[in-house]
Amino acid sequence: MDWDEEYDLEQSHNSNPTGGSSFLERARNALDDDDDDLPLGRVVPTVNPGTPPPFTDDETNETSLEKLMRHWMNERHAPDILPAQQELLSSVLDHLRRQSEAVQLLRGDPSTSDEEHLRIMLVQTEIERVKFIIRSYVRTRLYKIERYARFIVTDAAVQTRLTAVERDHASRQAKLTDRHFYFSVLQSLPEVQAHLDDPPAFTPSMTTQPDKTRPVFVHALKECPRVTLPDGTSLTMQKGHISLTPYSVVEHLVARGEVELV
């Protein structure tokens, strides 16, 4: 993490008076870890063989935490449910677990100095900050799944964006909602009106769907291809440009990682 590099720089100017292992060395050796595990602060993005990388060269240094924050903000601001980032979440959670275990070991080490205890507190604060982001991301997806449960179970394309656990939850939520509506209202209506999935001719659909016409603020991460707005005009977003457009206009750019929602 960032405090590792800062402490390395400080240690290069100050020798260890006790002659023992430094705090950073004990932190790194606190747990046996796989050699191929990457730290949270720097990740090498993986791409499928034969396909171009999703980012330009200046974006390949995006850390896993930065990725998580980008997907978190996209999920919070997008009216539709976005593809699940299961691998990224698993990687971040596994790293947090290892960091927490290392912190607990160092806190119980009697040779840890007061200054090192302060650094441990900073690490714990950072861990809690990342946990907050993860909880908010999961809760946002849970809210959308419960809100659009009936729509999800009837749309195969949306189901591909969910994990197996999320699909099961959406199915159970849809069944509970249907059962509640039936015993509360629908059983008292005529047979022709006692269904939620009837195609309405003049009334809104009984199934709640994401409103993709909702405007969103979009920040271009790279030079994006021209998009067509609902009024027929075109818009070209340069890198760093921020625009207010309907979500349906930039949905494909969000999916490709060329823009982010802010």
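None of the values given here were measured: they were computed from a predicted structure.

1. Some details on the confidence of the model for the protein
Phase 1 of the analysis: Across the protein, the average pLDDT comes to 79, with 75% of residues at 70 or higher.
Phase 2 of the analysis: For the protein, helix H2 (residues 23-28) is the element with the lowest average pLDDT, namely 46, and strand E1 (residues 215-220) is the one with the highest, namely 96.
Phase 3 of the analysis: For the stretch residues 9-24, pLDDT sits under 50, and the model shows 17 contacts to residues farther than four places along the chain or on other chains.
Phase 4 of the analysis: Of the regions scoring below 50 in pLDDT, residues 26-59 engages in 46 contacts with residues more than four places distant in sequence or in other chains.

2. What to know about the pattern of salt bridges
Phase 1 of the analysis: Applying the stated rule across the entire model yields 15 salt bridges.
Phase 2 of the analysis: Note that Arg97 and Glu101 form a salt bridge whose closest N and O atoms lie 3.3 Å from each other. Here the residue Arg97 and the residue Glu101 both occupy positions in helix H4 (residues 86-107), the gap between them amounting to four residues, near one helical turn.
Phase 3 of the analysis: Here Arg97 falls in the partly exposed class, since its relative accessible area comes to 41%.

3. A word on the environment of Met237
Phase 1 of the analysis: As for its placement among the helices and strands, Met237 is situated in the loop between strand E3 (234-235) and strand E4 (242-246).
Phase 2 of the analysis: For Met237, a relative accessible area of 0% puts it in the buried group.
Phase 3 of the analysis: Put simply, Met237 and Val218 are 19 residues apart on the chain and 9.4 Å apart in space, counted from C-alpha to C-alpha.

4. As for the sheet that holds E4
Phase 1 of the analysis: The antiparallel open sheet is built from three strands, whose spatial order is E4-E1-E5. Pairing within the sheet leaves two strands with one partner each, and these edge strands are E4 and strand E5 (259-261). The sheet shows a mean angle of 40° between the axes of neighbouring strands, direction not considered.
Phase 2 of the analysis: Sheet analysis places E1 next to E4, joined by five bridges and oriented antiparallel. Paired with Phe217 across the strands is Leu244, a residue of E4.
Phase 3 of the analysis: Running at roughly 60° to E5, helix H3 (residues 64-77) makes contact with E1 and E5 of the sheet.
Phase 4 of the analysis: Across the face of the sheet, helix H9 (residues 247-256) comes into contact with E1, E4 and E5 while running at roughly 120° to E4.

5. Considerations on the packing of aromatic side chains
Phase 1 of the analysis: A full pass over the atoms with the stated rule returns two aromatic pairs.
Phase 2 of the analysis: Note on Trp72 and Phe132: the rings are 6.3 Å apart at their centroids and 80° apart in plane angle, and the pair reads as edge-to-face. Placement of Trp72 in helix H3 and of Phe132 in helix H5 (residues 114-147) is noted, with a sequence separation of 60 residues between them.
Phase 3 of the analysis: Look at Trp72 and you get buried, because its relative accessible area is 12%.
Phase 4 of the analysis: Considering the side-chain rings of Tyr182 and Phe183, the 5.3 Å spacing of their centres and the 80° angle between planes classify their relative orientation as edge-to-face.
Phase 5 of the analysis: Classification of Phe183 as partly exposed rests on a relative accessible area of 46%.

Reading the values: the criteria
Residues numbered from 1 in each chain as written. Predicted model: local features only at pLDDT ≥ 70, side-chain atom pairs only at ≥ 80, totals over all residues. Heavy atoms only, no water. pLDDT = per-residue confidence, 0-100. Helix = DSSP H or I, 4+ residues; strand = E, 2+ residues; numbered from the N terminus. Contact = heavy atoms within 4.5 Å. Salt bridge = Lys/Arg side-chain N within 4 Å of Asp/Glu carboxyl O. Buried < 20%, exposed > 50% of the residue type's maximum accessible area, 1.4 Å probe, protein only. Pairing = 2+ DSSP bridges. Axes fitted to C-alpha atoms, helices over the stretch in contact; angles between N-to-C directions. Phe/Tyr/Trp six-rings, centres within 6.5 Å; stacked < 30°, edge-to-face > 60°.

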